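Chains, contacts and geometry: an overview
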Amino acid sequence: MTTTVTSQLGPSGLHSASQLWLLAALALPALGALLLLVTPAGWWQRWSSRVQPVTVAVGISTVTLAVTVLGTALGRPLSLSWVPSLGISFGVRSDALSGPLVVLTAAITWLCLVHLVRVRPVAGRPRALAGLILLVQTGLMGVFLATDLMQFFVFFEVALVPLWFMVAVWGSDVEETTPDGHQLITTAHRAATQFVCYTVVGSTLMLVGLLLVGLRAGTFDMALLTQRAANGWGLSTSTQLAALALIGTGLAIKVPIWPLHAWLPAAHTAAPTVGSVLLAAVMLKTGTYGLLRIAVPILPEAMVRVAPYLAGLAVAGIVIAALACLRQTDLKRMIAYGSVGHMGFVVLGISTLTPVGLTGAMLANIAHGIITGLLFFLVGALKDRYHTSALADLPRGLYGRLPRLGVLLAFAAFASLGLPGLAGFWGELFTLMGAYHPASVGSHTLPQGLFHVYLGVAVVGLVLTAAYLLRMVRQVVQGPSSGHPRHDSASTAGWVGELSGHELLVFAPLAVAALVLGLAPQLLTWLVSPWAQHLLEGVR
Amino acid sequence: MTTSTVVACLLILLPAAGAFLAAGVSWQTTSTGAPEQSPTSAQKAREQAANRAAFLSSVIATGLAAACAVALAAIHDRAQGNADVASHVLATIPTGAQPIHLSLLPDSYAATLALLVTGVALLVQLYARAYLPLHAREHGWPVRYRSFAAIVGLFTSAMLLLVLAGDVIVLFVGWEVMGLCSYLLIGYDWQHQPARAAALKAFLVTRVGDVALLVGLIMLGAQAGGFDLPTISQTLRSPAGHTVVVTVAGLLVLLGIAGKSAQVPLHLWLPDAMAGPTPVSALIHAATMVAAGVFLGVRLQMVFSASGVVMVTAAVIAALTMLGAALAALVQTDLKRVLAYSTISQLGFMLGAVAVEAPQAALYHLTSHGAFKALLFLTAGAVILAAGTGQVGLIAARLRLHRQAVGDQSHTTAWLQKLSTGRGFFVVPVAWVVGLASLAGVPPLAGFFSKDGVLEAALEAWNGRPSLASAGAQGSQVDSLAVAGQVVLVAGLATVIVTAAYVTRVGLLVLAGPRPAAQREAGEDQLSVQEVEQGESEHLTDLSAATSSPVTGQEPTLQASTDTPSLPIPSVGARALGPGQLPALMATALVVLLVPTALLGLAMVGVEALHTSPAHMAMIGAITLALGAAGALAVWVRWRTTGLACSDQSLTHRRLTTWVRSGFGLDAVVEMVVLAPARALAAAIDRTERAGTDRAGSGVAALVGRLGSWTQRAHSGNAQLSLSLLAAAALALAVWAVIP
């Protein structure tokens, strides 16, 4: 691992065809998005009798997924000079840190597009939605594959704009009655704008921080910066602290770290199913990926100083989000809030600055992507049937009404609460192991007693997480399966069929992935834990 | 890989495979048909075939696993003396810190437990095939046999994983999956509100123990530098291992054990868990899963030995639990709740054995208790089906009444004799008496020897048996062992009295009723069906007012009787089981369980490891017999003279009784101290969060809007907000970066 990094420092140009794999993985969705979004409607109408635009998107996405898997396995990194005067380059690189996330992105996008083939958006215009999904994919893959800080930033922004459209145009207004009896209405437009405002403020701060790092160091190449920090001749501590404050805030909004999460519940709830899935399963990971890729290896000295505070915010988020979840009246909003807690575990793992904590963070990242993606898909399936995600309006007794959907929903809930044997457990275990023995290298020993307190609080969060998910199971999945006044009358009954084969095609891969990673976490840890060691070389 | 490793792998995988097949059948054949649509004959036939497939796959898989368990035991029998079996690492999970080894430790302890688990699981699978349709018919619910078989298979596999695990994290995986299965099976009747509530409560209460256990295991793993059991025991055996960390870790592990094995203060979930079907109570909430906590205690015996604080705390918890639960069992009005409290009490004995460093006595009592308690629960299942009620005061009268309803007017003294003539049903009273006798400790049944084993160990600990941690040779360790022995012995002897008393009470109530036949008011046996149903419905109204009985849904029974008021026979016959109708599968399970209950004690009486001193053995035996006889006699005299109080009305008039019956009011304490504050905190956080997100959202939007309009003015109208902000920031930064 280390040798590949050191041999690829700086722009190196194109040497072999295997360097093109990852570039293709990045270019394919971009071209697909262009094809779907830019071509005139009449052009599609001529073909529409035979080829649906969404089908084309699925085709493109399938090829992208295959190329991505091959590229992460076989592809070699590529780095080309972009703005030589400022030392900015453009490259693609996949390693143990980015590889799993790139594959996750391609897979989730594929599932979203397949979902779209049969489950058409209520707001219509499936072609534009499919195009936007591919555009989001381009942005997210670009973030994970980037070799350069500026490139990281650019793709960070690329994913943003299509998501605004996705939430504002295809989203639905959220009406909910709070436990106190207040009626709250959040329009999709408002939720989308709030999300974009937050993220733009964050990414602006981040840009300033990235420029600070790049201009001070004279290069924006992340591998080079990492190596310099590891060798102990990185940036001065004060520069690192300033940069981390700026970059960290931007990333923290994206993760989101409590208390910067205010945009998340509304955006996730208003978004259409595929939008929620993309937001929760992949989008949030750009934040934690940034922490792992930039904050820890490039700004290690600042990170050691900030870590105790970051961990404090993370565990506060874990408990507060879980408590808030206990009071949610909307299923989508509850799962969205739950993400704050789960990402809290990821951030806690990173803040321990130990190999085991970082490994845990990466595992929890992937697991959250799989499990929350599944949860949002399932809630979407409920919403397609009952046209609501409010707990009070959903019928009870899903076990009796739609047994397969009910069983899958219960399965996803148990995966989400971190049941051992399913994917969610290992990330949490490793994070807790890291928090018990936080980094104690050199002069900057993390305060062990404080981290033990964090460990205790996080564990309380685990109990509360179980509580809110089981509350959901009890309210929706269990219960009498007949006699709901609203859904048993023939007049309002729409299509309430059992899980279709098509839906199963979309949901089953996620369920199987959660099970496989739960039974054999070494599939990932073999890859990830040596790399965690490598990321921490600068922490000394 | 050695033979024992291969056998152990098969043991774990076989039930899982059976469960997988049953789950597949269940998934394939699930139907969403509304209950009011009567199924066609083709559908019925398909249903039957699917049930048969699920039954065969799970029974064959469990049966093969039982054969593997026998093989494992045989291997150990042949290789006697070779006690320290090395753990076999099958795979390693790198973590970045101490690695997790996927390893198995198929030693003789594991072999014993595997035999118990597969044996009881097999019998319960057989029993449930006949029981569940009757159970469903009683309540008017659809039968869901296939998912049940699958979950029980998954449970068996998880329990075997726990038993055979050589690494505490792998053990924890089995531990939690068992918890999941327990949750699913308690909530098996998910249409029924008490079942849902009990399932949730069980999962959350045990989850509290589980996270404590997880932290404790992480601490032990960090201390020992590895998670495998031999490494941890080795580290703790050395004097350097006796630190504050080990004490804290030990207390956390103890909390985990308390959660799983229903010990004070985390015992709250088990009585409510009786809302699950009776075979589940027999397998999971009596014989196997709840004993897993004790098994963990045996595996981590060195944690108790390494710290006097942990040892004494464990002894106190065990003492409180065994005595308190026995007292609670004495005043329960629901048959299954009596058995549940008795399980809690007996688990206290096992934990007491762990606390006085007698792991073999703990395992022996675990095994014998597993046999006789499974027998008692399975018998109770048949009795409740036959009586149509779980109320101890009504069972005998209902069974008598039932006999009349089917046309037998002969006035024999007890329903016992009548039942004996029915096909298979003769087993029930025999099993009931033998099971209860074993629980009370009547020689020569298994319970007598295994309970005395625990008490002997406590006596020896009191007398100054050297501690296992004597490598450190610390005086304080020996002292704490003596204290633990004292606590366990005193509480244990007191519990023997109470146990004999509640066993006598519940035995008399079920077999004869609250009063002896001679004292029953004349003509009670001729009470018309309606009158009894009438009295019962009053009784039930009281019941629904009382909070303590979520068990055995009564409403459907009442429903059945009001639906058909003109026909006395169906109203009584609405209960699922008549005399002479005990299905062969259920009878088989009872007969097979009778064998170990009766003989296990004699088989183990000569094992030297359990009885170090014949004098102590004789003394303890004599004392427990005398105490037990006294307890039983007291109840019997009361039964002869005034009759036994057995309904809520006759018990609620004393506040003390009510308090004891509700499990010493701990539920209310938890509600006040934990749940209410948590709810208030959640509400407060939710309010601030909603206000916060709202304000923050509008705040940011307003800020950005103002900035936007400001930059618009500054840039003559067409500047994009984001771009101009970026440009300004970049410029400022570039200037700062370039200026040295």
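On a predicted model such as this, the values are computed, not experimentally measured, just so you know.

1. As for the overall build of chain A
- Across its full length, chain A carries 23 helices and six strands.
- Relative to a compact globule of 540 residues, whose C-alpha radius of gyration would be 24 Å, chain A shows 22 Å and is just as compact.
- Here the C-alpha coordinates of chain A stretch approximately 75 × 60 × 40 Å along the principal axes.
- Taking the contacts inside chain A whose residues are at least 6 apart along the sequence as the reference set, 82% of them involve residues at least 24 apart.

2. Observations concerning the overall build of chain B
- When helices and strands are tallied, chain B shows 29 helices and two strands.
- Out of the 740 residues in chain B, the part that is buried amounts to 55%.
- Across chain B, the fraction of contacts at a sequence separation of at least 24, relative to all contacts at a separation of at least 6, is 81%.

3. Structural notes on the packing of helix 5 (residues 99-118) of chain A against helix 13 (residues 273-298) of chain A
Residue and element names in this part refer to chain A.
- Contact pair helix 5 / helix 13: the axes reach a minimum separation of 10 Å and the direction vectors enclose 170°. Judged by the angle between their axes, helix 5 and helix 13 are roughly antiparallel. For the pair helix 5 and helix 13, the contacting residues are L101, L104, T105, I108, C112, H115 and L116 in the first and V274, V277, L278, A281, V282, K285 and Y289 in the second.
- The residue inventory of the contact of helix 5 with helix 13, partitioned by class, reads 11 nonpolar, two polar and one charged.

4. Structural notes on the interface of chain A and chain B
- Chain A puts 64 residues into the contact, and the matching count from chain B is 52 residues.
- Partitioning the side of chain A that touches chain B into residue classes produces 41 nonpolar, 17 polar and six charged.

5. Some points on the pairing of strand 1 (residues 78-83) of chain A
Residue and element names in this part refer to chain A.
- Where strand 1 lies against strand 2 (residues 88-92), five bridges are found, and the strand directions are antiparallel. From the neighbouring strand, S81 faces strand 2, where its bridge partner is S89.
- Where strand 1 folds back onto strand 2 in an antiparallel hairpin, the turn is made up of four residues, including G87, whose phi is positive at roughly 75°.

6. So, helix 6 (residues 193-224) of chain B
All names here are of chain B.
- Across its 32 residues, helix 6 extends 46 Å between first and last C-alpha, which sits within 8% of the 46 Å expected from 1.5 Å per residue.
- Along its length, helix 6 shows its largest kink, about 25°, at R207.
- With 26 of its 32 residues buried, helix 6 lies for the most part within the structure.

7. Some remarks on the nonpolar core
- Residues L378 of chain A together with L11 and L164 of chain B are the most contacted members of the largest nonpolar core, which totals 460 residues.
- Considering each element in turn, this core owes the most residues, 19 residues, to helix 15 (residues 359-387) of chain B.

8. Notes on the packing of helix 10 (residues 222-230) of chain A against helix 13 of chain A
All names here are of chain A.
- Viewed as axis vectors pointing N to C, helix 10 and helix 13 meet at an angle of 30°, and their least axial separation amounts to 9 Å. Here M222, L225, T226 and A229 of helix 10 lie close against helix 13, whose contacting residues are R293, I294, P297 and I298.
- Split into classes, the residues belonging to the contact of helix 10 with helix 13 amount to six nonpolar, one polar and one charged.

9. Let's talk about unusual backbone geometry
- With an omega of 5°, the peptide bond between W258 of chain A and P259 of chain A qualifies as cis.
- Topologically, P259 of chain A is positioned in the loop between helix 11 (237-254) and helix 12 (264-270).
- That bond from V264 of chain B to P265 of chain B is cis: its omega, 5°, falls within 30 degrees of zero.
- With respect to the helices, strands and loops of the structure, P265 of chain B is situated in the loop between helix 8 (244-260) and helix 9 (269-272).
- Although it is not a glycine, L353 of chain A sits at a positive phi angle of roughly 55°.
- Here L353 of chain A is to be found in the loop between helix 15 (331-351) and helix 16 (355-386).
- Classification of L353 of chain A as buried rests on a count of 25 C-beta atoms within 10 Å.

10. Focus on the environment of S203 of chain A
All names here are of chain A.
- Assignment of secondary structure puts S203 in helix 9 (residues 188-217).
- Here S203 falls in the buried class, since 24 other C-beta atoms lie within 10 Å of it.
- Once the C-alpha coordinates of S203 and I253 are considered, the two residues, 50 residues apart in sequence, prove to be 8.7 Å apart.

11. Re the confidence of the model for chain B
Residues and elements named next belong to chain B.
- The predicted model of chain B has a mean per-residue pLDDT of 78, with 75% of residues at 70 or higher.
- Mean pLDDT across the elements of chain B bottoms out in helix 22 (residues 555-563) (32) and peaks in helix 5 (residues 168-186) (93).
- Predicted confidence is poor over residues 407-421, with pLDDT under 50, and the contacts of this stretch with residues over four places away or in other chains come to 21 contacts.

12. Observations regarding the environment of H189 of chain A
Residue and element names in this part refer to chain A.
- As for its placement among the helices and strands, H189 is situated in helix 9.
- What makes H189 partly exposed here is the crowd of 15 C-beta atoms within 10 Å.
- When the C-alpha positions of H189 and F376 are compared, they lie 20 Å apart, and in sequence the two are 187 residues distant.

13. Focus: the confidence of the model for chain A
- Here chain A averages 85 in pLDDT, and 93% of its residues register 70 or above.
- Contacts of residues 487-493 of chain A to residues separated by more than four positions or lying in other chains number seven contacts, the stretch itself having pLDDT below 50.

14. Focus: helix 23 (residues 522-535) of chain A
- Given a rise of 1.5 Å per residue, 14 residues ought to cover 20 Å, and the 19 Å separating the end C-alpha atoms of helix 23 of chain A matches this to within 8%.
- The largest bend along helix 23 of chain A reaches roughly 30° and is located at V528 of chain A, with the proline P530 of chain A sitting one to four residues downstream.

15. Some details on the environment of F144 of chain A
All names here are of chain A.
- Inspection of the secondary structure puts F144 in helix 6 (residues 126-145).
- On the basis of neighbour counts, which here come to 26 C-beta atoms within 10 Å, the residue F144 falls in the buried class.
- The sequence separation of F144 and L97 amounts to 47 residues, and the corresponding C-alpha distance is 8.7 Å.
- When sequence neighbours within four positions are dropped, the list of residues in contact with F144 reads S98, L101, V102, T105 and Y289.

Rules used in this analysis
Residues numbered from 1 in each chain as written. Chains lettered and ligands numbered in written order. Predicted model: local features only at pLDDT ≥ 70, side-chain atom pairs only at ≥ 80, totals over all residues. Helix = DSSP H or I, 4+ residues; strand = E, 2+ residues; numbered from the N terminus. Rg over C-alpha atoms; globule rule 2.2 N^0.38 Å. Contact = placed C-beta atoms within 7 Å. Buried ≥ 20, exposed ≤ 12 C-beta atoms within 10 Å, placed from the backbone. Axes fitted to C-alpha atoms, helices over the stretch in contact; angles between N-to-C directions. Parallel < 35°, antiparallel > 145°, perpendicular 65-115°, else oblique. Nonpolar A, V, L, I, M, F, W, Y, C, P; charged D, E, K, R; others polar. Pairing = 2+ DSSP bridges. Expected span 1.5 Å × (residues − 1). Bend = angle between axes of the 7 residues up to and from the residue. Core = buried A, V, L, I, M, F, W, Y, C linked by C-beta atoms within 7 Å. pLDDT = per-residue confidence, 0-100.

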